[in-house]
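Structure assessment
Residues per chain, in single letters:
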Amino acid sequence: MAESWWAGCGAGIESETRDLVSEKKRGRIGADWVVRTRPALDAPDQEVFDELSVDDWLHIEYMDEGYYWARIGDVRVDIFISEGEPVRVDVGRGHHGAEHGDTYHCNWDEARREDE
């Protein structure tokens with residue numbers, strides 16, 4: 001049952017991934033990790049998350065109070081968090097070179113209803 005609603009949201013990913021990997025020869029995938037912390041703004045004697053990067057395809061970083069930035073492949077994600085407000089997520093493609101793969105917009109609730 002789950003396969004049919006998922007298929008429309010990720011169609012073609014396997015072949016696109018092969019294309020991306022063949023374009024650049026990699027070492028052991030996931031072997032190159034960097035994790036950093038920084039002093040907390042309200043408690044300088046405590047460390048909090050600052051940055052995570054894995055190889056050249058995943059990067060998540062604290063930029064400013066309430067703002068995080070992420071890169072997943074060629075996708076850029078800006079995350080804005082304000083107290084009492086819904087989290088805002090902006091997603092864009094091609095910020096780090098040519099786009100690889102397709103962009104899909106999935107309405108997960110609608111897709112699940114169609115599958116029932």
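The paragraphs below set out a description of the structure included in this document.

This brings us to the overall build of the protein chain. The secondary structure content of the protein chain amounts to three helices and six strands. Residues classed as buried in the protein chain amount to 25% of the 116 residues present. Sequence separation of at least 24 residues holds for 25% of the intrachain contacts in the protein chain that already meet a minimum separation of 6.

Taken together, the six bridges between strand E4 (residues 67-72) and strand E5 (residues 75-80) define a ladder with antiparallel strand orientation. Across the sheet, tyrosine 67 pairs through a bridge with phenylalanine 80, a residue of E5. Linking two consecutive strands that pair antiparallel, namely E4 and E5, is a turn of two residues; a positive phi of about 60° is found at glycine 73 within it. Of the pairings in the sheet, the one linking E5 to strand E6 (residues 88-93) comprises six bridges and is antiparallel in character. Bridging across to E6, isoleucine 79 finds its partner in valine 89.

All told, the structure shown has three aromatic pairs when counted by the stated rule. Ring geometry for tyrosine 62 and tyrosine 68: centres 5.5 Å apart, planes at 75°, overall edge-to-face. Residue classification places tyrosine 68 among the partly exposed positions, given a relative accessible area of 23%. The rings of Phe49, Tyr62 and Tyr68 are connected pair by pair, giving a single aromatic cluster. Looking at arginine 38, its charged tip hangs above the ring of tyrosine 62, at a distance of 3.5 Å from the centre.

What follows covers the environment of tryptophan 33. Secondary-structure assignment places tryptophan 33 in strand E1 (residues 33-39). It is 9.6 Å that separates the C-alpha atoms of tryptophan 33 and aspartate 56, two residues lying 23 residues apart in sequence. Residues contacting tryptophan 33, with those up to four places away along its chain left out, are Leu52, Ser53 and Val54.

A word on the side chain of serine 53. Along the chain, serine 53 falls in strand E2 (residues 47-54). Those residues in contact with serine 53 that sit more than four places away from it in its chain are Asp32, Trp33, Val34, Leu58 and His59.

So, how was this worked out
- Residues numbered from 1 in each chain as written.
- Predicted model: local features only at pLDDT ≥ 70, side-chain atom pairs only at ≥ 80, totals over all residues.
- Heavy atoms only, no water.
- Helix = DSSP H or I, 4+ residues; strand = E, 2+ residues; numbered from the N terminus.
- Buried < 20%, exposed > 50% of the residue type's maximum accessible area, 1.4 Å probe, protein only.
- Contact = heavy atoms within 4.5 Å.
- Pairing = 2+ DSSP bridges.
- Phe/Tyr/Trp six-rings, centres within 6.5 Å; stacked < 30°, edge-to-face > 60°.
- Lys NZ or Arg CZ within 6 Å of the ring centre and 35° of its normal.

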